[in-house]
Amino acid sequence: MSHLDRDLKLLVVAIVLYALGVGMYLQLIFVYAMDLGASRFTIGWLNAVMLGTMAVCYIPGAWATNHFRLKTIMVATWWLTVPAAVCFALAPSWPWLLPGLVLSGISNANNPVLKAFICLRCDPTRVARDLTLVFGAYPAGLVVAPLAGGFIAARYGMPAVFWLSALLYVLSATATSLIHDEPYSAGDKPWAFADVRRNRAFRRYVLFFLVGFLAVYVGQPFLNPYLAQVHAQGYAALGVFAALAALGAALLTPLGGRIADLRGPRVGAVVMLALLLAGTLLLLGGPSWTFWALAMFLCGGYDAFRLLATGIVGRSFGAIPLPWGFALFDTMMGLPMAGGAILGGLLFRTGATLPFVFVAGVAAVLIVVLLVWRPAPLKRATPVEAARLRSG
């Protein structure tokens, strides 16, 4: 990480603090929603509200880069995490979680701007590695947070967890406020939506990850509810399992980025899908706590697969400006994100194992497709094109 500049290191700090805040309740909030009276199907719907809000806000975030500086957008949305946590802390029943989930969705809508900022500061030959390294700070922060969240929830209740998260969000937003701005405006790089229609490489990435993200979001929100419902695990144990999943993601994410840069995105995707598949099958078939723990570590591949997409899709943008490219991609990924959460809720209501059977089937099909289907290789950007991309 020593090669990262000051601002990227500050972003790593901000992301770690954010992850510590969200990680204390991320794997527990839907279990808490059930304690507040939500049904199995309702927790899928609640997750879909948050993810759908994120998807709706990506395009406005990219539009804002035509009119505002990148730092202004990032900082303004980052501070919304604080009132989101306060809403969770004050919720007397599950419907009152909705305002916090909506604010959480809006705050995460700065992702395209954040990704563009990081790309502009990266060495063009290390984009996948640096993006996954910076964003890998997120699962790294989740390693400790679920343990603390599970302990505090078991001892003092979930509202105490949310108040502590609000404090960590204040520190995270403050760190983001200290970065230097990047002199970039998407409005300086003319483009049209026809550029998207003509971009076969970008369309291939979108189609592949539409299916991949669907599998991820059918299963990931239900990992801890599955352990709670099927194996009667309490808050403290769920915190341990969530920490193991975060540790897996923290280690697998930079591994995926390194493989993608050195061996190609196809190999990186196959490796992440294979790990995700192994973890899912072990979760379903594991007979004891030890097997479930290993399964959750490998299920860190859910996050690693998503973050790998961030690291590799930018190479397909071509004439599309960075913020708009990431915004379009993230918006389209909102469909499987929200739809997967709803489908997962329906499957989970029918049978607790069904979401993971779905995940295993889709992951296996995608691995076979990547191994068998060999389209024409993508053209790598020349040094001149890479410089133009960075300068906008």
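Given the structure is predicted, the values throughout are model-derived calculations rather than measurements. (Residues numbered from 1 in each chain as written. Predicted model: local features only at pLDDT ≥ 70, side-chain atom pairs only at ≥ 80, totals over all residues. Heavy atoms only, no water.)

1. Concerning the overall build of the protein chain
Thought 1: When you go through the protein chain residue by residue, the secondary structure sums to 21 helices and 0 strands.
Thought 2: A globule of 392 residues ought to have a C-alpha radius of gyration of about 21 Å, and the protein chain, at 20 Å, matches this closely.
Thought 3: At a minimum sequence separation of 6, the contacts of the protein chain that also span at least 24 residues come to 85%.
Thought 4: A total of about 15200 Å² of accessible surface is found on the protein chain, and carbon and sulfur atoms cover 70% of it.
Thought 5: Charged side chains in the protein chain number 27 positive and 13 negative. The centres of these two groups are separated by 8 Å. (Helix = DSSP H or I, 4+ residues; strand = E, 2+ residues; numbered from the N terminus. Rg over C-alpha atoms; globule rule 2.2 N^0.38 Å. Contact = heavy atoms within 4.5 Å. Areas by Shrake-Rupley, 256 points an atom, 1.4 Å probe, with all protein chains shown as cover. Lys, Arg positive; Asp, Glu negative; His and termini not counted. Charge placed at Lys NZ, Arg CZ, Asp CG, Glu CD.)

2. Points about the packing of helix 16 (residues 265–285) against helix 17 (residues 289–298)
Thought 1: Contact pair helix 16 / helix 17: the axes reach a minimum separation of 8 Å and the direction vectors enclose 155°. When the interaxial angle is binned, helix 16 and helix 17 end up roughly antiparallel. The interaxial crossing formed by helix 16 with helix 17 has left-handed handedness. Where helix 16 abuts helix 17, its residues Leu 275, Leu 276, Ala 278, Gly 279, Leu 282 and Leu 283 lie against Phe 291, Trp 292, Leu 294, Ala 295, Met 296 and Leu 298. (Axes fitted to C-alpha atoms, helices over the stretch in contact; angles between N-to-C directions. Parallel < 35°, antiparallel > 145°, perpendicular 65-115°, else oblique. Left-handed = near helix turned anticlockwise from the far one by under 90°.)

3. Structural notes on the environment of Ile 312
Thought 1: Relative to the assigned elements, Ile 312 resides in helix 18 (residues 301–313).
Thought 2: Along the sequence, Ile 312 and Gly 264 sit 48 residues apart, while their C-alpha atoms lie 9.1 Å from each other.
Thought 3: When neighbours within four sequence positions are excluded, Ile 312 is seen to be in contact with Ala 128, Tyr 205, Phe 209, Ala 260 and Pro 265.

4. Observations concerning the packing of aromatic side chains
Thought 1: Considering all chains together, one arrives at 21 aromatic pairs under this definition.
Thought 2: The interplanar angle of 85° and the centroid separation of 6.0 Å between the aromatic rings of Phe 209 and Phe 329 together place this pair among those described as edge-to-face. Of the two residues, Phe 209 is situated in helix 13 (residues 200–219) and Phe 329 in helix 19 (residues 322–350); the sequence distance between them amounts to 120 residues.
Thought 3: On the accessibility criterion, Phe 209 (1% relative accessible area) is buried.
Thought 4: By relative accessible area, Phe 329 is classed as buried at 3%.
Thought 5: Taken together, a centroid distance of 5.2 Å and an interplanar angle of 70° make the contact between Tyr 226 and Phe 356 edge-to-face. Taken as a pair, Tyr 226 in helix 14 (residues 223–231) and Phe 356 in helix 20 (residues 354–372) lie far apart in primary sequence, 130 residues in all. As far as burial versus exposure is concerned, Tyr 226 and Phe 356 are alike and both buried. (Phe/Tyr/Trp six-rings, centres within 6.5 Å; stacked < 30°, edge-to-face > 60°. Buried < 20%, exposed > 50% of the residue type's maximum accessible area, 1.4 Å probe, protein only.)

5. A few points about helix 17
Thought 1: Within the span of helix 17, buried status applies to Trp 292, Ala 293, Ala 295, Met 296 and Leu 298.
Thought 2: For helix 17, the elements touching its buried residues are helix 14, helix 15 (235–263), helix 16 and helix 18.

6. Looking at the nonpolar core
Thought 1: Core analysis: the biggest nonpolar cluster contains 137 residues, and Tyr 25, Ile 118, Met 158, Phe 209 and Phe 305 have the highest contact counts within it.
Thought 2: Beyond its immediate chain neighbours, meaning those up to four positions away, Phe 209 contacts Phe 305, Ala 309, Ile 312, Phe 329 and Met 333. (Core = buried A, V, L, I, M, F, W, Y, C linked by side-chain atoms within 4.5 Å.)

7. Details of the pattern of salt bridges
Thought 1: Tallying each qualifying case throughout the model produces 4 salt bridges.
Thought 2: Of the charged contacts in the structure, one is a salt bridge between Arg 306 and Asp 303, with a shortest N-O distance of 2.5 Å. Separated by 3 residues within a single helix, Arg 306 and Asp 303 lie in helix 18, roughly one turn from each other. With respect to class, Arg 306 is no different from Asp 303; both count as buried. (Salt bridge = Lys/Arg side-chain N within 4 Å of Asp/Glu carboxyl O.)

8. Some remarks on a nonpolar patch on the surface
Thought 1: A surface patch of nonpolar side chains, about 250 Å² in accessible area, is lined by Leu 164, Leu 167 and Leu 171.
Thought 2: With respect to the element layout, Leu 167 can be found in helix 11 (residues 158–177). (Patch = residues over 30% accessible without salt bridge, like charges linked within 9 Å, V, L, I, M, F, W, Y side chains within 5 Å.)

9. Concerning helix 7 (residues 111–121)
Thought 1: Counting buried residues along helix 7, 10 of its 11 residues qualify, which places the element largely inside the surrounding structure.
Thought 2: Taken together, the buried positions of helix 7 are Asn 111, Pro 112, Val 113, Leu 114, Lys 115, Ala 116, Phe 117, Ile 118, Cys 119 and Leu 120.

10. Observations regarding the side chain of Gln 233
Thought 1: Here Gln 233 lies in the loop between helix 14 and helix 15.
Thought 2: Residue classification places Gln 233 among the buried positions, given a relative accessible area of 16%.
Thought 3: Here the side chain of Gln 233 touches His 231 through a polar contact of 2.8 Å, landing on its backbone oxygen. (Polar contact = N/O pair within 3.5 Å; in protein donor to acceptor, adjacent residues only side chain to side chain.)

11. Considering the environment of Ser 177
Thought 1: Relative to the elements of secondary structure, Ser 177 occurs in helix 11.
Thought 2: Residue classification places Ser 177 among the partly exposed positions, given a relative accessible area of 25%.
Thought 3: Taking the C-alpha atoms as reference, Ser 177 lies 30 Å from Ala 338; in sequence the two are 161 residues apart.
Thought 4: Here Ser 177 is in contact with Lys 71, Val 75 and Trp 79, once residues within four sequence places are set aside.

12. Structural notes on the confidence of the model for the protein chain
Thought 1: Overall, the predicted model of the protein chain reaches an average pLDDT of 83, with 92% of residues at or above 70.
Thought 2: Element-level pLDDT for the protein chain is lowest in helix 21 (residues 383–391), with a mean of 46, against a maximum mean of 94 in helix 11.
Thought 3: Here residues 378–392 is a poorly scored stretch, pLDDT under 50, and it has 24 contacts once near neighbours within four places are set aside; other chains count. (pLDDT = per-residue confidence, 0-100.)

13. Observations regarding the environment of Ala 364
Thought 1: In this structure, Ala 364 sits in helix 20.
Thought 2: On the basis of relative accessibility, which here comes to 31%, the residue Ala 364 falls in the partly exposed class.
Thought 3: For the pair Ala 364 and Asp 303, spaced 61 residues apart in sequence, the C-alpha separation works out to 17 Å.

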